[in-house]
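Now for the letters of each chain:
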Amino acid sequence: MNEIGAVTLRGMEALPVEVEVEITGGLFFISIVGLPDAAVKESRERVRAALRSVGLPLKGRVAVNLAPADLPKEGALLDLPIALAMMRGTGMLKPVRPAFYMGELALDGRLRRVRGAVPAAYLARARGLPLYIPRENAEEVGLVKGVEAYAVGSLTELAAVLRGETEASPVTVSSAPDAPIEADPDFSDIKGQAAARRAAEIAAAGHHNILLVGSPGSGKTLIAKAMNGILPPLSDEELLETLLVRSTLGLPAEPGRRRPFRTVHFTASSVSICGGGNSLRPGEVSLAHRGVLFLDEFTEFRRDLTESLRAPLEDGQVVISRAAGTVTYPSRVLLILAANPCACGHLGDPAEKCICSGVELERYRRKLSGPILDRVDLQIAVPRLLTEELLSFSGSAESSAAIRERVCRARRVQQKRWAPCGFSCNAELPEKIVRRYLVLSQETLDFLAGMAGRLRLSGRGISRVLKVARTIADLAGEPDIQKPHLAESLMYRRQGTTT
Ligand SMILES: [Zn+2]
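What counts, and where the lines are drawn
- Residues numbered from 1 in each chain as written.
- Predicted model: local features only at pLDDT ≥ 70, side-chain atom pairs only at ≥ 80, totals over all residues.
- Helix = DSSP H or I, 4+ residues; strand = E, 2+ residues; numbered from the N terminus.
- Buried ≥ 20, exposed ≤ 12 C-beta atoms within 10 Å, placed from the backbone.
- Contact = placed C-beta atoms within 7 Å.
- Domains from an automatic or database assignment.
- Pairing = 2+ DSSP bridges.
- Axes fitted to C-alpha atoms, helices over the stretch in contact; angles between N-to-C directions.
- Core = buried A, V, L, I, M, F, W, Y, C linked by C-beta atoms within 7 Å.
- pLDDT = per-residue confidence, 0-100.

Participant: Now, about the overall build of the protein chain: what can you tell me, with residues and values included?
Facilitator: Across its full length, the protein chain holds 18 helices and 17 strands. For the protein chain, the C-alpha atoms occupy an extent of roughly 85 × 45 × 45 Å along the three principal directions. Evaluated residue by residue, the protein chain yields a buried proportion of 45% over its 499 residues. Relative to all contacts within the protein chain whose residues are 6 or more apart in sequence, the contacts with residues 24 or more apart total 75%.

Participant: Before we move on, could you go through the domain arrangement of the protein chain and cite the residues and values that matter?
Facilitator: Split by domain assignment, the protein chain resolves into domain 1 (4-170) and domain 2 (187-494). Centre-to-centre separation of domain 1 and domain 2, based on C-alpha positions: 44 Å. Of all the secondary-structure elements, those providing two or more residues to the side of domain 1 that touches domain 2 are β1 (4-10), α3 (117-127) and α4 (138-141). For the side of domain 1 that touches domain 2, the element with the highest residue contribution is α3, accounting for three residues.

Participant: An account of helix α7 (residues 220-227) is needed here, citing residue identities and associated values.
Facilitator: Three- or four-residue spacings in an α-helix give side chains the same orientation, since the helix completes a turn every 3.6 residues. The buried fraction of α7 is high, at six of eight residues. Those residues of α7 not exposed but buried are Lys 220, Thr 221, Ile 223, Ala 224, Ala 226 and Met 227. Contact partners of the buried residues in α7: α6 (194-206), β11 (210-213), β13 (292-295), β16 (334-339) and α14 (400-418).

Participant: So, the sheet that holds β16: which residues are in play, and what are the values?
Facilitator: Sheet architecture is open: five strands sit in the order β12-β13-β16-β11-β17, paired in parallel fashion. In this open sheet, the two edge strands, each paired with only one partner strand, are β12 (261-264) and β17 (378-381). Between one strand axis and the next, the sheet turns through 20 degrees on average, direction left out of account. Where β12 meets β13, four bridges bridge the pair, whose relative direction is parallel. Residue pairing for β13: Val 264 is matched across the bridge by Leu 295. α6 contacts β11 and β17 of the sheet and is inclined by roughly 165 degrees relative to β17.

Participant: Tell me about the nonpolar core, and name the residues and values.
Facilitator: Judged by nonpolar contacts, the single largest core of 130 residues is most densely connected at Ala 83, Met 102 and Met 227. Here this core spans two domains, since at least three of its residues come from each of domain 1 (4-170) and domain 2 (187-494).

Participant: Describe in detail the environment of Arg 435, supporting the description with residues and values.
Facilitator: Here Arg 435 shows up in helix α15 (residues 431-437). Among the residues examined, Arg 435 registers 14 C-beta atoms within 10 Å and is labelled partly exposed. Along the backbone, Arg 435 and Ser 463 are 28 residues apart, and their C-alpha atoms lie at a distance of 7.5 Å.

Participant: Tell me about the sheet that holds strand β5 (residues 99-101), and name the residues and values.
Facilitator: Sheets are built from strands that pair by backbone hydrogen bonding, the pairs being arranged parallel or antiparallel. Reading across the sheet, the eight strands line up as β3-β4-β2-β1-β5-β8-β9-β10 and stay open at both edges, with mixed pairing between neighbours. Looking at strand neighbours, the two that pair on one side only are β3 (29-33) and β10 (169-170), the edges of this open sheet. Here β1 pairs with strand β2 (residues 13-24) via six bridges, running antiparallel. Looking at β2, one finds that Thr 8 is bridged to Leu 15. Strand contacts of α3: β1, β2, β5, β8 (131-134) and β9 (149-152), with the helix running at about 85 degrees to β2, the strand carrying the most contacts.

Participant: I'd love a proper account of unusual backbone geometry, names of residues and values included.
Facilitator: As a rule of thumb, non-glycine residues mostly have phi less than zero, and peptide bonds are mostly trans rather than cis. In this chain, Ala 67 is followed by Pro 68 through a cis amide linkage whose omega measures 0 degrees. Mapped onto the secondary structure, Pro 68 falls in the loop between β4 (61-67) and α2 (79-89). A cis geometry characterises the amide bond from Asp 184 onward to Pro 185, with omega recorded as 0 degrees. Of note, Pro 185 is situated in the loop between β10 and α6. Here the phi dihedral of Arg 290 falls at roughly 70 degrees; this positive angle occurs in a residue that is not glycine. Summarising the element assignment, Arg 290 is placed in the loop between α10 (284-287) and β13. Here Arg 290 falls in the buried class, since 20 other C-beta atoms lie within 10 Å of it.

Participant: Provide a residue-level description of the environment of Gly 55, including the pertinent values.
Facilitator: With respect to the helices, strands and loops of the structure, Gly 55 is situated in the loop between α1 (38-53) and β4. Here Gly 55 falls in the exposed class, since 9 other C-beta atoms lie within 10 Å of it.

Participant: I'd like a rundown of the confidence of the model for the protein chain, residues and numbers included.
Facilitator: Model confidence for the protein chain is summarised by a mean pLDDT of 90, while 98% of its residues fall at 70 or above. Per-residue pLDDT stays below 50 along residues 495-499; that stretch engages in 14 contacts with residues further than four places along the chain or on separate chains.

Participant: Lay out the pairing of β9 with the relevant residues and their values.
Facilitator: Where burial is concerned, the two faces of β9 agree: the one with Ala 149 and Ala 151 and the one with Tyr 150 and Val 152 are both buried. As paired strands, β8 and β9 are joined by four bridges and run parallel to one another. When the sheet's bridge partners are listed, Tyr 132 is paired in β9 with Tyr 150. As paired strands, β9 and β10 are joined by two bridges and run antiparallel to one another.

Participant: Outline the environment of Gly 192, listing residues and values.
Facilitator: Looking at the secondary structure, you find Gly 192 in the loop between β10 and α6. In the structure, Gly 192 is positioned 123 residues away from Asp 315 in sequence and 37 Å away in space, judged by C-alpha atoms.

Written out as structure tokens, the structure is:
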């Protein structure tokens, strides 16, 4: 490898790029070849101005070649290595130890934060080479263990380091703080709604997708948001996975170990949800990886949008193919959907009467079905509370921290049980595993068979009921699924759309 290594991104992967510079006499001109995108081409102006800040006025024809030639190069992160290669080309810089460099240059030579610092850290670690990054990227790179990284503030500073005049400041490796997760909103702030709270706890414990159905103002959005506060904290590995997606988009690391929570509006485009576009960026479903993807007013989403979410939810990853290549992003999310019970919003409301016709109700019910709803394990009604009910709940309800403790305990049980099969929670189990491992006693089996017949449950429906029942039993600390667990699980099938 060239002594001045650069990187470019393909999805979440950083690929090495070599920068070659040739300077000849003649009129001043900089040309860049090797499939540069618009941002790389613009780096000519930034690099030229920044070099002036270190006392290097460029003269003559400057040819910059980015190799390998067939790999598309993108973004401003190549500014720094291009500037360094020019300094080497003019003899301003003596030979240096091979390393990777990345950073966008301001006109005065300061280094600006770039996207892709975490993927670059993985690459540098794999090659056993040091990595120089803008100071603003230090925090996220500090979370990657085993990489030799240095943070620099400007081209002048880096030039002094490379000439051996000053010491580089190494990025300190830090692990995410284990500070308690602050729930906002907290379940203790939510009045009443015992059934919905219970369903939220089960969904969080088994990582089950959930649909909340209720009239406007019933508090279903509040419950959805509060669910993030009862999920277990991110593990080290999960934290790095979420960090990688954020870094690819140039977003800083989120503080602590709180899981991502992304709300998607029905006006969003499928590129913003699933990723893609010309630059093959990840979308909301990948930003929500290892956390929650919340689709409010679900029935307002166009069919093609929900259809495009089907594969990411099914596979746990998004595959984007374009002429520029194929990239893959992770998308293991807990899906929370919220919807009104009917078109007018008042079906089942204690105070206001539903004015929908039978045809309208039927049409609405059809919207609450389809590929995404097939992936929802729990449905729960969130009734609007009457004023007198709201006033009667004077005492404070159980806090999110207390609920999270039970959720974490149930998760640990699941992790231990499914680790040999390669799964971490009940919701992940494929049907084949459900049939093989979730064994019932004859009495419980008879009960399930009777109910399944009465409710006309499909094979898939039965396996979903079993998975939720397994989570309910795990929350209760029971080794076997019993009748009450199944009975409660069945409740989350029937309620919702019809109440
Ligand atoms: Zn209605």
